[in-house]
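What follows is the residue order along each chain.
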Amino acid sequence: MADPLPEPRLVAVLKAEGVKVAEYPGWRDRERDDETGKPFGPVHMLLNHHTASSNSLTVVAKNGVAGLPGPLAHIHLAKSGLATLCSGGRTNHAGLMARNAYESFLNEATSHPAPSKASGTVDGNDVSYGIETENLGTGKDVYPRVQYDAWVRINAAFCREYKWSAQSVAGHKETSVEGKVDPLGPVEGYGTRGKFGFSMAQFRTDVAERLKHPASWSPGAVVPPVPKPTPLTTEQRLAALETRVTALETKD
Ligand SMILES: [Zn+2]
């Protein structure tokens, strides 16, 4: 049984994982439980999204979009790496999940089948935490290093708290029966890794790696290689000496 985390605990586990946290005004009382009559939870997984827009915080946290009232996620993750809490209750982010995909995350299977509507559907908003990560979703807009790092931390924070493996971490495209393609896009880098394309498999690997370490861990930063000085040949040393002598001679 995995009850949704009480709001203060939500803040605490994110901060313990090194996430920069902000709280959207009124977030503790904003959810979709009362409005739908469907209580949030038990929760079994995380569902990751890209916003497909910029400056989307108010839309995600409160306003929603036409036909889809806010909040649209539990957490909004800005390009700066700032995670803003939008709700601790039910939110409108997941839509319908294919049952076969959902069960693979519920059971933490090591592989996840393509979502098949024929397997039946589950209301994803009942069972998953949603993270909306700011990115245009064009396939060209880059997730900055600091944003990707925070994204891994957020997912790891929930997994650590619930004692889930990284196989509880899903992308919307892996569960949706409505043809969603998110998350998508190049990543600036992570740890010692340079630019790479976002994939859920790599993302789960990065979450799994993080879970092997304490919550305070940071992945290794890129250390530029220090060029080794090449020893000078005798000719080069003599030439350098001559240059210095010439410089001294011509000084005055
Ligand atoms: Zn989505």
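Residues numbered from 1 in each chain as written. Predicted model: local features only at pLDDT ≥ 70, side-chain atom pairs only at ≥ 80, totals over all residues. Heavy atoms only, no water.

Caption draft 1: A look at the nonpolar core. Ranked by size, the top nonpolar core spans 46 residues in total, and within it Leu14, Tyr148, Ile154, Phe158 and Phe203 carry the most contacts. Those elements giving two or more residues to this core turn out to be α1 (7-16), α3 (57-63), β3 (75-77), β4 (82-85), β7 (128-133), α6 (145-162) and α8 (200-211). Among all residues touching Tyr148, those that are not within four sequence positions of it are Val187, Gly189, Tyr190, Arg193, Phe196, Phe198, Gln202, Phe203 and Asp206. One finds Met97, Tyr102, Phe105 and Val122 within the second-largest nonpolar core, a separate group that totals nine residues. (Core = buried A, V, L, I, M, F, W, Y, C linked by side-chain atoms within 4.5 Å. Buried < 20%, exposed > 50% of the residue type's maximum accessible area, 1.4 Å probe, protein only. Helix = DSSP H or I, 4+ residues; strand = E, 2+ residues; numbered from the N terminus. Contact = heavy atoms within 4.5 Å.)

Caption draft 2: Structural detail: the coordination of the zinc ion. His49 (ND1), His172 (ND1) and Asp182 (OD) make up the full set of protein donors to the zinc ion, lying at 2.0 to 2.1 Å. Donor residues for the zinc ion, ordered by position in the chain, follow H-x122-H-x9-D. Highlighted residues: His49 in strand β2 (residues 45-50) and His172 in helix α7 (residues 172-175), separated in sequence by 123 residues. For His172, a relative accessible area of 4% corresponds to the buried category. (Donors = N, O, S within 2.8 Å, 3.2 Å for Na, K, Ca; no water.)

Any link to function would need more than the numbers given here.
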